[in-house]
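Commentary on secondary and tertiary structure
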Amino acid sequence: MDDFRDRHAAGNGPPAGPVDGDGSGERLAELFAFLRRRITGDYEVDEFGFDPELNDRVLLEALRPLYRHWFRTETLGLENVPADAGALIVANHSGTLPVDALMLQVAVNDELGRPLRLLGAHLVYQLPVLGHLARKSGHTLACPEDADRLLRKGEVVGVFPEGFKGIGKPFSERYRLQRFGRGGFVASAIRAGVPIVPCAIVGAEEIYPKIGDLPSLARLLGLPYLPITPLFPWLGPLGLVPLPSKWLIEFGEPVRTDAYDPEEADDPAVVFDLTDHVRETMQRRLDALRLRRGAAFPPI
């Protein structure tokens, strides 16, 4: 992740020259060095297509104003995520559009100094531009093979086991966890022997309150749903601007899996019990975190 920073420290890139009092000269030199590396191909991409420099300098940089100023995000329990070992962060999913996934990625990258390798649905990678950018930012397909490889490499992996059931639920069911499926994320954690970190995200439910759906048009477009919100589609593109709710992201106490034998990852009873435990833990933390936050739109 810090390879491009290391290159700057080593003095690779053009000399900065005189630096203006506000640092604009240095920033301009860094920009030219960045552009030179992109043009010449002097940057690293891993086997999944992850481009750390582009992710930090461009993709996450575009999201940071939302994270810091629009949503005023606060993070709790950062000490529960390992500093230099593999872990599986399991979070609730909501908000009509997957903005919560992007804000979680900013939180792990900026607050913990580690890239978050998110597992995404097939639909993401069927869209040409979005799929390419997802790979560049470290995301990969939500399948056991990719999850296992990343966890065994010591990466922090993020998963939203509710999937479209969570992100597309109506506003009336806000902060109620949906079904977690077959618990594939638990099996991957057991096989890799890494802890599961339950994560509660409060704030995403209010950014696009879903009050209706257009199922026929959604099927025509190949989408899981096409939402109606108080602002969309009535205001057109302006209806896509998220409401400025207050966000809290809490990383809970890790659930250890290293006491299990890797073979137990194939035992449905073990997987179901652990999945249920993680889900119940997350629901309790969501309820508590929602009370802690209070009003969704507090005065600034």
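Along each chain, the written sequence defines residue order, and numbers are assigned to residues from 1. Local features in this predicted model are restricted to residues of pLDDT 70 or higher, and side-chain atom pairs are both shown and tallied only at a pLDDT of 80 or more, whereas totals for entire chains, interfaces and linings draw on every residue. Based on all heavy atoms of the structure, the side-chain values leave hydrogens and waters out of the count.

Going by an unreviewed UniProt entry, the protein chain carries the name Acyltransferase family protein and comes from Microbispora cellulosiformans.

**Topic: the packing of aromatic side chains**
Two rings from Phe, Tyr or Trp (for Trp, the six-membered ring) form a pair when their centres are within 6.5 Å of each other. A pair whose planes differ by under 30 degrees is stacked, one over 60 is edge-to-face, and the rest are tilted. All told, the structure shown has two aromatic pairs when counted by the stated rule. Where Phe71 meets Trp247, the ring centres are 4.6 Å apart and the plane angle is 25 degrees; that geometry is what we call stacked. Placement of Phe71 in the loop between helix H3 (52-70) and strand S1 (74-76) and of Trp247 in the loop between strand S8 (227-228) and strand S9 (248-251) is noted, with a sequence separation of 176 residues between them. On the basis of an interplanar angle of 75 degrees and a centroid distance of 6.0 Å, the ring pair of Phe180 and Phe185 is categorised as edge-to-face. Across this residue pair, the class does not change: Phe180 and Phe185 are buried. For a ring to carry a charge above it, either NZ of a lysine or CZ of an arginine must fall within 6 Å of the ring centroid while also lying within 35 degrees of the normal to the ring plane. Here Arg174 stacks its cationic end above the ring of Phe171, 4.1 Å away from the centre of that ring. Put simply, DSSP marks the helices as runs of H or I at least four residues long and the strands as runs of E at least two long, and each gets a number from the N terminus on. The classification of residues rests on relative accessible area computed with a 1.4 Å probe and restricted to protein chains. Under 20% of the type maximum is buried, over 50% is exposed, and intermediate values are partly exposed.

**So, unusual backbone geometry**
A cis amide bond, omega 10 degrees, links Phe232 with the succeeding residue Pro233. Backbone geometry at Arg72 places phi at a positive 50 degrees, although glycine is not the residue there. Of note, Arg72 is situated in the loop between H3 and S1. Look at Tyr175: it is not a glycine, yet its phi comes out positive at around 65 degrees. Within the fold, Tyr175 resides in the loop between helix H8 (164-167) and helix H9 (184-192).

**Some thoughts on the UniProt feature "domain: Phospholipid/glycerol acyltransferase" (unreviewed entry) in the protein chain**
UniProt positions are given in the numbering used here, feature names are shortened, and annotations may be inferred rather than shown by experiment. The positions that UniProt labels "domain: Phospholipid/glycerol acyltransferase" (unreviewed entry) are, in the present scheme, residues 87-204. In the segment residues 87-204, helix accounts for 42% and strand for 19%; the C-alpha atoms at its two ends are 23 Å apart.

**Overview of the pattern of salt bridges**
When a carboxyl oxygen of Asp or Glu lies within 4 Å of a side-chain nitrogen of Lys or Arg, that pair is called a salt bridge. Counting across every chain of the model gives 20 salt bridges. Close ionic contact of Asp51 with Lys136 constitutes a salt bridge, the shortest N to O distance being 3.6 Å. Of this pair, Asp51 sits in the loop between helix H2 (24-40) and H3 while Lys136 sits in helix H6 (residues 128-136), placing them 85 residues apart in sequence. In this structure, Asp51 and Lys136 share a single accessibility class: buried. Between Glu250 and Arg285 there is a salt bridge, with the nearest N and O atoms lying 2.8 Å from each other. Within this pair, whereas Glu250 is found in strand S9, its partner Arg285 is found in helix H11 (residues 268-293), the two being separated by 35 residues in sequence.

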